[in-house]
Structure formats: structure tokens, C-alpha cells
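# Coordinate inspection notes
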Amino acid sequence: DTEVTQTPKHLVMGMTNKKSLKCEQHMGHRAMYWYKQKAKKPPELMFVYSYEKLSINESVPSRFSPECPNSSLLNLHLHALQPEDSALYLCASSQSPLRKRGNTIYFGEGSWLTVV
Amino acid sequence: AQKVTQAQTEISVVEKEDVTLDCVYETRDTTYYLFWYKQPPSGELVFLIRRNSFDEQNEISGRYSWNFQKSTSSFNFTITASQVVDSAVYFCALSEAVGETSGSRLTFGEGTQLTVNP
């Protein structure tokens, strides 16, 4: 079983709605990530949090707003999304943000988002 | 820039057949890490293996084995005696650090859809 937990598993929202995706890990990892995955494509990095601070934003539109309340939690706030934002959103974590490219990134089960 | 190529988009086999998934990578780094992940229809990306660039020893884990060849920049994955439960998308990935304290970024291949038929 994955140690990265995401809720909700499925979300349907209208283009004017505000919703949030939540992610939790209890492995003591200090780097957390949001990835977006469209059908039949590999995951694409959106954001990286390092020691609870946003360290990477891959030019993601502002209608996606990440938040890291503490070292175990990561949220993704959604507002005014478009139908093309429908995708699988994957949360992930890795042990240390320090310059260690070998750290394994562990993924959650994902949240399937549909924007109508 | 880093690149990972999984030339096989889809593979279909019959149960108990052996199957090899190919992965070729490009990087200018002398130290790098390669990964394989499995993604079943449920969506979760399941970590399978990590290999660093200094360790060319092949690895076997049950029915799974990995062949890392630095000379050809390949990191192939073989499933022996495949089972229906092996049906999934398999991703090969290359890791790069993105700064001293910024975590790491995975460059994924396009994935190989493996279907194991009974």
C-alpha cells in the first residue's frame, strides 16, 4: 500500500467552482511534489516543495495554487479551471530535497479530476 | 537536456511468456539515477527499482529483472513468466537534481502499455 495518501480519489467540478486536492505522507520526507498526468501520457511536474517552501513552479497557471501547511501535508487549490485541466493529479514525496538526484520519489494513488 | 525513450508503445503477450520492455536514455551527467515505475489502471505509480550510473550489476527480484548497460545507454526490464496482474503501463525515468535544495525532477519516457492475456 502506498504511504502517500491523496483525497479525494475522484472529483468533478464546474468551471466556476473552488475545490482542493489533499495529500499526506508520514514517511518524514521533506520534499513534496504535484504532478499532472493526461491520458496516455507520462506525468508532468507542476510544483516542488522543499522544507515546506515552494522551490519549483513549472510555469503552472495561477488557477492552480499549491500550499504546504506542514511537512506532512500538501494541498492543491483549484479555481476557475478549464475542461482541458481534466487529468490525474499525482502527489509524491522524497526523502531529502538536498542535491541528491538519486532520491526515490514515491507517488500516491492520484486524484482523478474532471472539469465540466 | 535529458531524454528517455521507450520505443514500445504497446506490447501484448500471453500469460507465462517472458517480455522485455526497452528503455534508452540520454544525459550529459556522469552521475545519474534511473527508475522503473508501474502504473496499473487504478492510477498509482508504483516504484519498482532504482539504479545509479556506477552500478552496472544486473538485478533480479522474483520474476522481474533489469539489465543496465551504460555502453548503450539502456536500462531494460524483463518480466519472466508474465501474469495477468502484470498488465499495466510501465515508465522508465531518469532523475536530475534541480538545485541544492529543490528536490529532484524525473524525466519520464512515454511509457509502455503491457497487456498480459490469459
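Refer to the preceding data block for the structure.
Computed from a predicted structure; not experimentally measured.

Thresholds applied
Residues numbered from 1 in each chain as written. Chains lettered and ligands numbered in written order. Predicted model: local features only at pLDDT ≥ 70, side-chain atom pairs only at ≥ 80, totals over all residues. Heavy atoms only, no water. Helix = DSSP H or I, 4+ residues; strand = E, 2+ residues; numbered from the N terminus. Rg over C-alpha atoms; globule rule 2.2 N^0.38 Å. Buried < 20%, exposed > 50% of the residue type's maximum accessible area, 1.4 Å probe, protein only. Contact = heavy atoms within 4.5 Å. Areas by Shrake-Rupley, 256 points an atom, 1.4 Å probe, with all protein chains shown as cover. Phe/Tyr/Trp six-rings, centres within 6.5 Å; stacked < 30°, edge-to-face > 60°. Salt bridge = Lys/Arg side-chain N within 4 Å of Asp/Glu carboxyl O. Polar contact = N/O pair within 3.5 Å; in protein donor to acceptor, adjacent residues only side chain to side chain. Disulfide = S-S within 2.5 Å.

### Points about the overall build of chain A
- Scanning chain A from N- to C-terminus turns up 0 helices and 11 strands.
- The order of α-helices and β-strands along chain A, N terminus first, is β-β-β-β-β-β-β-β-β-β-β.
- For chain A, whose C-alpha radius of gyration is 13 Å, the value lies close to the compact-globule estimate of 13 Å for 116 residues.
- Its C-alpha atoms put chain A at 40 × 30 × 25 Å along the principal axes.
- Within chain A, buried positions represent 49% of all 116 residues.
- Long-range pairs, those at least 24 residues apart, make up 56% of the contacts in chain A between residues at least 6 apart in sequence.
- On chain A, roughly 5600 Å² of surface is accessible, and the fraction owed to carbon and sulfur atoms is 50%.

### A word on the packing of aromatic side chains
- Under the criterion given, the structure shown has 20 aromatic pairs over all chains.
- Between the aromatic rings of F64 of chain A and Y89 of chain A, the centroid separation amounts to 5.8 Å while the plane-to-plane angle is 35 degrees, which identifies the pairing as tilted. With a gap of 25 residues between them, F64 of chain A in strand 7 (residues 64–70) and Y89 of chain A in strand 9 (residues 87–94) connect regions that are remote in the sequence.
- Taking relative accessible area as the criterion, Y89 of chain A reaches 0% and is therefore assigned buried.
- Arranged with centres 5.2 Å apart and planes meeting at 90 degrees, the rings of Y64 of chain B and F77 of chain B form a pair that is edge-to-face. Of the two residues, Y64 of chain B sits in strand 8 (residues 64–69) while F77 of chain B sits in strand 9 (residues 74–79), which places them 13 residues apart along the sequence. In this structure, Y64 of chain B and F77 of chain B share a single accessibility class: buried.

### Re the pattern of salt bridges
- Applying the stated criterion across every chain, the model contains 9 salt bridges over all chains.
- A salt bridge links D85 of chain A to R63 of chain A, with the nearest nitrogen and oxygen atoms 2.7 Å apart. A residue pair is termed long-range when its members are at least 10 positions apart, and D85 of chain A in the loop between strand 8 (73–79) and strand 9 and R63 of chain A in the loop between strand 6 (53–57) and strand 7 qualify at 22 residues.
- Note that R51 of chain B is salt-bridged to D55 of chain B, the shortest N-O span being 3.0 Å.
- What you see here is one network of salt bridges that share partners, running through K36, R63 and D85 of chain A.

### Some details on the environment of T78 of chain B
Residue and element names in this part refer to chain B.
- Its place among the elements puts T78 in strand 9.
- Linking T78 and R51, residues 27 residues apart in sequence, is a C-alpha distance of 15 Å.
- There is a polar contact of 2.8 Å between the side chain of T78 and the side chain of T20.

### Describing the state of the cysteines
All names here are of chain A.
- Counted according to the given criterion, the structure contains 2 disulfides over all chains.
- Each sulfur in the disulfide pair C23 and C91 lies 1.8 Å from the other. As the torsion about the S-S bond is roughly -75 degrees, the C23-C91 disulfide counts as left-handed. Of this pair, C23 sits in strand 3 (residues 18–25) while C91 sits in strand 9, placing them 68 residues apart in sequence. The same class applies to C23 as to C91, namely buried.
- Unpaired in terms of disulfides, C68 finds its nearest cysteine sulfur in C91, a separation of 9.1 Å.

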